[in-house]
Amino acid sequence: MTLRHPDPAAAGPHASDLHASGPRPPDPHPLDPLTAEEITAARRVLGEAGKVGTATRFPLVLLDEPDRRTAAAHRAGDPVTRRLRVTLLDAATGVTAEAVVDVTAGALLSYRELDAASEGQAAITFEEYGIVDEVVKADPGWRKAMAERGVTAPEALALAVCAPLSAGALAAETDGRPGRRLLRSLTWLRCTPDDSAWAHPVGGLAVDVDVVERRVVRITDTGPVPVPAECGRYEAEFTGPARTDLRPLEITQPEGPSFTLDGHRLSWQNWSFRVDFNAREGLVLHRIAYRDGDRERSVLHRASLAEMAVAYGEAEESRNWVAFLDAGEYSLGRSTNALRLGCDCLGEIRYLDAVLADDLGAPRTLPNAVCVHEEDAGLLWKHTDSFHGDAVESRRARRLVVSFIATVGNYDYGFYWYFHQDGSIGFEAKSTGIVQTAAVPPGAGSPHGTEVAPGLLAPYHQHLFCVRLDAAVDGPANTVEEVDVVPLPAGPGNPAGNAFTARTTPITAAGDGGRLADPALGRRWQITNPAARNRMGRPVAYTLVPQPGPVLLARPGSAVARRMAYGTKHLWVTRHRTDRRYPAGDHPNQHPGGAGLPSWAVGDESLENTELTLWHTFGPTHLPRPEEWPVMPVDHSGFTLRPTGFFDRNPALDLPRESGGGHCHGQGS
Ligand code: NI
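Residues numbered from 1 in each chain as written. Predicted model: local features only at pLDDT ≥ 70, side-chain atom pairs only at ≥ 80, totals over all residues. Heavy atoms only, no water.

Side note on the overall build of the chain
In terms of regular secondary structure, the chain is built from nine helices and 34 strands. Against the 2.2 N^0.38 benchmark of 26 Å for 669 residues, the chain shows a C-alpha radius of gyration of 26 Å, consistent with a compact globule. Oriented by its inertia axes, the alpha-carbon framework of the chain measures out at about 80 × 65 × 60 Å. Going through the 669 residues of the chain one by one, you find that 53% of them count as buried. Approximately 28400 Å² of the chain is accessible, and the part contributed by carbon and sulfur atoms is 52%. (Helix = DSSP H or I, 4+ residues; strand = E, 2+ residues; numbered from the N terminus. Rg over C-alpha atoms; globule rule 2.2 N^0.38 Å. Buried < 20%, exposed > 50% of the residue type's maximum accessible area, 1.4 Å probe, protein only. Areas by Shrake-Rupley, 256 points an atom, 1.4 Å probe, with all protein chains shown as cover.)

In structure tokens:
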């Protein structure tokens, strides 16, 4: 432990644990998260229509969100119609279907079976995690492969972890039976039931499982590699005496936080938005607006982390397919942690529970899924006026943080939306947990990874997060412009050679909607509203400032590149459509590729002065370090949205001098 946290058991007023969920607020909104009653009703309607049998599973139950106009037109007290989008899986036949249920009217609106070979499979269910483990361990071929690696004791085999890994394009490429529902499995060993399996990878062995027929259909075995033996435990009992030189660091807000939650509507420091949570994306923010004087000004209609890929870079046959879409294949929302006060979030916290459907379509409450709190954010602005007796004006910043944390296999991801007093919005992904591992002969190394302990390889990989932003800068009709800083050629316009300018190029057509960042040009993208002008007569704008890294490194045409094509650009701009939900398509599990963004960013459909969605890809290309073993310090990535002529001047001039609780002395001249 490196921080002393407030003890929830000794909760004072600063450590309250007030749940904002519970009974439905009296005034329902069309963008509210699902309720238990709605999930139950959807299952009942499907059952009455004869669509639910004993083998029916519910990989995904989501709100079928109303379109922008309906959501914007809603006024308190208006009737609300709620539709749910339900993905059903017949675990006995593997047939996937998608239904839309009107739970307000109790009616099944549509039901369609998918062609899994061309449209992809439903997301992986939790039940299938267990099926893979069971099927692999019962398979004679796997047992033989384990025996060849010296693992024969029944207790050692029982302690093996046979991970349920998405199969990618396997069915299309090697299996010969399109549409078959598959998972692939790599094996790790544990010394005890609470051991960290990732320390003991079994090399050269991959097992393909048909989870419907419940049998192994193929084993890839490139030969034994010694299983790394060193323990990878990281809990306090295993890491030696704890440091003793930390003194208490207390965060207190004796008068409570400065935000208010009204149902799911959150307000803070001129900002307001609706907090939503679903099984696939996790946290979703709707109708983000800023109150500017007496005007409520929209910025974004909807914002979410819509997909995230983890793509590994090994060439070896048993691992050259390893690539996951954690939102579309593993349902990030369903993989979300119940947060713990003082451990995951610190200070005056408000939690929101989430209600999600389980594999059988029953509602389950995930307590403390979303954390809302304020943080000190350092200096906001300052000037020492040396021409006026060194008079000092300064203001401290704080920010509002809305976050959740999901665990997908070995990795843990924290996702944080930040709202700032200067009108900017930040998003940060914090990657932690345990790097995925493979076995190599000790000291042999690999061009595709880092040996983080003897014989233990942490392969190179990319995390490609994709945030989906429905733009609404001062209204629905926006244009996105690419802005580069460019030096000017020498000549009459640049006689001293020092001049440079900003070159602004509108992104006008769908086919030009996929863009690459360029740090050398300081490239950024501004979302403007041509019809709304600031006092200088310029269109108001918000600028997406990226922190670009490499885009997808898999070769064009490879299975990974086909399926994760969204990762080949830092930004995609598309016309907003309610059915354009996810960058790798609706059903990326085993999808052959080409769905989502690559199919939308084509043609000459105009992107000017219209409803737009921005899709921003970012994230670390991760070359693991020994210091990231046996558990990884948080790695940060993200982006910022900055007002750019949206306001007429610094919108944070009105902060009081003493906004930080009276710690500042001697302000002013
Ligand atoms: Ni990583």
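Here's the deal with the nonpolar core
Counting residues in hydrophobic clusters, the biggest one holds 108 residues, and the most contacted among them are V402, F415, W417, F419 and L469. Counting residues per element, this core draws most heavily on strand 15 (residues 295-312), at seven residues. Built from parts of two domains, this core gets at least three residues from each of domain 2 (126-238) and domain 3 (260-485 + 505-643). A41, A42, V355 and A357 belong to the second-largest nonpolar core, a separate cluster that totals 18 residues. (Core = buried A, V, L, I, M, F, W, Y, C linked by side-chain atoms within 4.5 Å. Domains from an automatic or database assignment.)

Points about the pattern of salt bridges
Evaluated as defined, the whole model comprises 44 salt bridges. Between R265 and E296 there is a salt bridge whose closest N-O contact spans 3.9 Å. You can see R265 sitting in strand 12 (residues 265-268) and its partner E296 sitting in strand 15, a full 31 residues away along the chain. R265 sits in the partly exposed class, given a relative accessible area of 35%. The partner of R468 in a salt bridge is D470, and the shortest N-O contact between them spans 3.0 Å. Side by side, R468 and D470 carry an identical accessibility label, which is buried. A single salt-bridge network, built from bridges that share partners, covers E482, D484, R503, R515 and R523. (Salt bridge = Lys/Arg side-chain N within 4 Å of Asp/Glu carboxyl O.)

Looking at the pairing of strand 21 (residues 425-433)
Most of strand 21 is tucked away: eight of the nine residues are buried. As paired elements, strand 20 (residues 411-420) and strand 21 share nine bridges and run antiparallel to each other. Bridge pairing in strand 21 links Y411 to G433. Where strand 20 folds back on strand 21, the antiparallel hairpin that results is connected by four residues, among which G423 adopts a positive phi of roughly 90°. Of the strand pairs in this sheet, strand 21 and strand 34 (residues 632-643) are connected by eight bridges, and their pairing is antiparallel. (Pairing = 2+ DSSP bridges.)

Some points on the state of the cysteines
Enumeration according to the criterion identifies one disulfide in this entry. A disulfide-free cysteine, C162 has its sulfur positioned 15 Å from the sulfur of C191, the nearest such atom. Considering cysteine sulfurs only, C345 is the nearest to C343, which forms no disulfide, with 9.7 Å between them. Among the residues examined, C343 registers a relative accessible area of 38% and is labelled partly exposed. (Disulfide = S-S within 2.5 Å.)

Considerations on the sheet that holds strand 24 (residues 456-459)
Strand order across the open sheet formed by three strands is 22-24-23, with antiparallel pairing between neighbours. Each edge of the open sheet is held by one strand with a lone partner, namely strand 22 (438-439) and strand 23 (449-453). As judged from the two bridges shared by strand 22 and strand 24, these two strands associate in the antiparallel manner. Following the sheet pairing, A438 is matched in strand 24 by L457.

Quick notes on the environment of T505
Tracing the sequence through the fold places T505 in strand 27 (residues 500-506). Take T505: its relative accessible area is 39%, and that puts it in the partly exposed class. Taking the C-alpha atoms as reference, T505 lies 9.4 Å from W525; in sequence the two are 20 residues apart.

Some words on the confidence of the model for the chain
Averaged over all residues, the pLDDT of the chain equals 93, while 94% of them reach at least 70. Within the model, pLDDT remains below 50 along residues 1-24, and this stretch shows 37 contacts once partners closer than five positions in the same chain are excluded. (pLDDT = per-residue confidence, 0-100. Contact = heavy atoms within 4.5 Å.)

Observations concerning the coordination of the nickel ion
Looking at the nickel ion, one finds its protein donor set to be Y411 (OH), H461 (NE2), H463 (NE2) and H622 (ND1), positioned 1.8 to 2.0 Å from the metal centre. For the nickel ion, the four donor atoms are set out with angles of 94 to 137° between them, so the coordination reads as irregular. Read in sequence order, the donor residues coordinating the nickel ion give the pattern Y-x49-H-x1-H-x158-H. Taken together, the positions of H463 in strand 25 (residues 461-471) and H622 in strand 33 (residues 621-622) put the pair 159 residues apart, joining distant regions of the chain. No difference in accessibility class separates H463 from H622, as the two residues are buried. (Donors = N, O, S within 2.8 Å, 3.2 Å for Na, K, Ca; no water. Tetrahedral: all angles 85-135°; square planar, octahedral: opposite > 155°, others 65-115°.)

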